[in-house]
Amino acid sequence: MMKRNTFRCTSRLGLVVGLFVIAITAVYNFSFGIDSIHANYLNGIQEKSTIVRELNSNETLRAPNATTSKTTNATTMDLQGKTTRAVPAIEKESDAEDAPSPNSTSAQERSYQHNFTYDPEEWKSPPRIVITAGPHKTASTTLQTFFAKISDDKRYKTRKNPHPLVTNWVFPVGHGHPVKCYAGLAISITKREGKVQKKSRKTERVFRKFQDEYRTLFWGAWNKGKSIVFGSEEFDGFVQGFSSNNSFPSDSGKKTHVSKGSSKMVDSLLSLLPWENVSTTVTSNATAASSMPPQKIAVVVPPLRLGDIEIQINYRTPRVKHMVSIWHEMGGFSTFRNYLIHPNELYQMNSLALALQFVKKNLRVTLVDMTGVSQYYASDDEPTTAVRGNQTEAVVGGLQGAIAFKILRMDHLCDSRGRIHLPGYSIPLELNVKEDKNSMNLLPDQIDAIERVVGKYECGVWQHLRRYQRRGLLRVLFPANNLLGHCRPGLEYQDVSFWDTMLAVAEIASRD
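How each quantity is defined
Residues numbered from 1 in each chain as written. Predicted model: local features only at pLDDT ≥ 70, side-chain atom pairs only at ≥ 80, totals over all residues. Heavy atoms only, no water. Salt bridge = Lys/Arg side-chain N within 4 Å of Asp/Glu carboxyl O. Helix = DSSP H or I, 4+ residues; strand = E, 2+ residues; numbered from the N terminus. Buried < 20%, exposed > 50% of the residue type's maximum accessible area, 1.4 Å probe, protein only. Pairing = 2+ DSSP bridges. pLDDT = per-residue confidence, 0-100. Contact = heavy atoms within 4.5 Å. Axes fitted to C-alpha atoms, helices over the stretch in contact; angles between N-to-C directions. Parallel < 35°, antiparallel > 145°, perpendicular 65-115°, else oblique. Left-handed = near helix turned anticlockwise from the far one by under 90°. Nonpolar A, V, L, I, M, F, W, Y, C, P; charged D, E, K, R; others polar. Phe/Tyr/Trp six-rings, centres within 6.5 Å; stacked < 30°, edge-to-face > 60°. Disulfide = S-S within 2.5 Å. Arc of directions from axis to C-beta. Polar contact = N/O pair within 3.5 Å; in protein donor to acceptor, adjacent residues only side chain to side chain.

Attention shifts here to the pattern of salt bridges. Inspection of every chain in the model, using the stated rule, returns twelve salt bridges. For R128, the salt bridge goes to D308, with nearest N and O atoms at 3.2 Å. Of the two residues, R128 sits in the loop between β2 (83-84) and β3 (129-132) while D308 sits in the loop between β7 (295-301) and β8 (309-315), which places them 180 residues apart along the sequence. Through salt bridges with shared partners, a single network forms among R128, R305 and D308.

As structure tokens, this is what we get:
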């Protein structure tokens, strides 16, 4: 009996001791876990600050094959708190003929000049298909309205006939609003998040049917011997992959700026164009002599080549102003500061990376500097109307005139200043302009810091675009004197992802 009681006491004591040990261990682990979480939070803030310091540094550069280099290691953290690989920052001199002199002032004190000239012979042949790819908040609605109103397409719903002097270009009108009809086509290709509520087999069938109708629409215009112009700001969805952290540890160099899925999107867009046709004989209105009435003649439509296509993209500065316009459009009731902390739509400002998605597929891209256009056409005595004979003409300059003159080559309608003269045309008011609804809630120093961070990112993108510029696949029209002046020629910049750049912007915006 004594042994049995002793055994029971010993068992109970062992159970109490065991429970006590388990409790002590749990408390220790909980305390250690809290400390770890706190440490990870502090590390995340420090790592975000590291990104900002690197992007704000004088010259943060990359050169994997440099013989003499200086490296710094830094890790980055995404919005989910996942630590990504460290990207070494390495200095290297390249293109010595473009490098500034050793006595030049620092990058933060001066604006560098770039060579944006292009060989006119390489761009001598006019395009036969022009696609205006936005992006959002770069006067894309104004451009689409202009092209739709003057195009040789009788399906435009607000006009019985196109402008009689524009007979070679067509803005084919499909589904929906005649100006915004290509938004749906772009969304069917990009499957833009927020625009496609539910992805299913039925949705895919609808998209395929939608694209087939536009393919037929393009063929109809092409087989009449017309050149085609169309576009939508929704084509900036080709870089929507930058709205999340889709980079991989092996991504470096140019791959850092390639949006996930963009190559297939470009292929899908190109598949809608009239490629398979052989030279076709069609009829067209033409005048054999000035005293003769119009007559039908036969013309030959050559098959489409890749070099016949030109992508037009607008570039807006200052970059923060472009971000503010997107906030006006997408920010709801949030302040600009709060919007920047969760910048889901700011990929729409990425004109340079958007251009890269096309040129890397060997498509010609024309980047139009909107500030340069404004400077070129800005004049207190710039006329909006002119009188020729007994007829009053609208004089269209600005972005519409620049693209019609330089890209569509409407020389017969242009004056020496590159302005389009259109009898009977009324210039519409500026479209789709949003005003401030809420406070920005940012200090001037924060705005300047954001401008610098975005500028450093774009220096990394431009160093890759510059190679396509030299190959004749990219040109910049109307470059302002200080365009990309923050990028120092002759130096190879570190390739920082757009995701990490937006993390840095969020960190700056969140400062008290």
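Moving on, we come to the pairing of β3. Here β3 shows a buried face lined by I129 and I131 and a second buried face lined by V130 and T132. Across four bridges, the pairing between β3 and strand β5 (residues 227-231) is parallel. Each bridged residue has a counterpart across the sheet, and for I129 the counterpart in β5 is I228. Pairing analysis gives four bridges linking β3 to β8, with the strands arranged parallel. Looking across to β8, one finds that I129 is bridged to I309.

With that out of the way, let us pick up the confidence of the model for the protein chain. Model confidence for the protein chain is summarised by a mean pLDDT of 77, while 66% of its residues fall at 70 or above. A low-confidence stretch, residues 26-46 stays under pLDDT 50, and its non-local contacts, those more than four residues away or across chains, total two contacts. Under a pLDDT of 50 for its full length, residues 286-290 has, in the predicted model, six contacts with residues more than four places off or in other chains.

Turning our attention to the packing of helix α2 (residues 140-150) against helix α10 (residues 398-406). Close contact between α2 and α10 brings their axes to 9 Å; oriented N to C, the two are set at 55°. In terms of orientation, α2 and α10 fall into the oblique class. For the element pair α2 and α10, the recorded crossing hand is right-handed. Where α2 abuts α10, its residues T142, L143, F146 and F147 lie against L399, Q400, I403 and A404. In the contact of α2 with α10, the residues fall into six nonpolar, two polar and no charged.

Moving on: the packing of aromatic side chains. Applying the stated criterion across every chain yields a total of 20 aromatic pairs. Ring centres of Y457 and F498 lie 5.4 Å apart, and the angle between their planes is 65°; this geometry places the pair in the edge-to-face category. Here Y457 is found in helix α11 (residues 444-471), whereas its partner F498 is found in helix α12 (residues 498-509), with 41 residues between them in sequence. The exposure classification of Y457 matches that of F498, with both residues buried. Taken together, the ring pairs connect F171, Y182, F210, Y214, F218, F230, F235, F238 and F358 into an aromatic cluster.

With antiparallel pairing, the three strands of this open sheet are ordered in space as β10-β11-β12. In this open sheet, the two strands that pair with only one neighbour each are β10 (385-388) and β12 (420-423). Direction aside, neighbouring strands of the sheet carry axes that sit 35° apart on average. Where β10 lies against strand β11 (residues 391-396), four bridges are found, and the strand directions are antiparallel.

Before going further, it helps to spend a moment on unusual backbone geometry. A cis amide bond links G134 to the next residue, P135, at an omega of 5°. Examined against the element boundaries, P135 turns out to sit in the loop between β3 and α2. For the peptide bond that leads from T317 to P318, omega is -10°, which places it in the cis range. Structurally, P318 can be placed in the loop between β8 and α6 (319-330). In this structure, A139 is a non-glycine residue whose phi angle is positive, near 65°. Its place among the elements puts A139 in the loop between β3 and α2. The exposure class of A139 is partly exposed, given its relative accessible area of 31%. With a phi angle near 55°, F478 is a residue other than glycine that sits in the positive phi range. Within the secondary structure, F478 sits in the loop between β13 (474-477) and α12.

Here a disulfide denotes a covalent bond joining the sulfur atom of one cysteine to the sulfur atom of another. Scanning all chains against the criterion turns up one disulfide. The disulfide partner of C459 is C487, and the S-S distance across this bridge is 2.1 Å. The sign of the S-S torsion, about -95°, decides the handedness of the disulfide formed by C459 and C487: left-handed. Separated by 28 residues along the polypeptide, C459 in helix α11 and C487 in the loop between β13 and α12 bring together distant segments of the chain. Just as C459 is buried, C487 falls in that class too.

Let us look at the sheet that holds β8. Taken together, six strands build an open sheet; the order of strands is β4-β5-β3-β8-β9-β13 and the sheet is parallel. The sheet is open, and its two edges are formed by β4 (169-170) and β13, each paired on a single side. Two elements, β8 and strand β9 (residues 364-369), share six bridges in a ladder whose sense is parallel. Among the inter-strand pairings, E310 is bridged to a residue of β9, identified as R364. The strands touched by helix α4 (residues 201-222) within the sheet are β3, β4 and β5, with β5 carrying the most contacts at an inclination of about 150°. Taken strand by strand, helix α9 (residues 370-377) contacts β8 and β9, and its axis lies near 55° from that of β9.

All right, on to α9 then. All of the buried residues along α9 are M370, G372, V373 and Y377. Seen along its axis, α9 keeps its buried residues to an arc of 155°; they face one direction. Those residues of α9 that are buried lie in contact with β8, β9 and α10. Capping the start of α9 is the job of one residue whose side-chain oxygen sits 3.3 Å from the backbone nitrogen of T371: D369.

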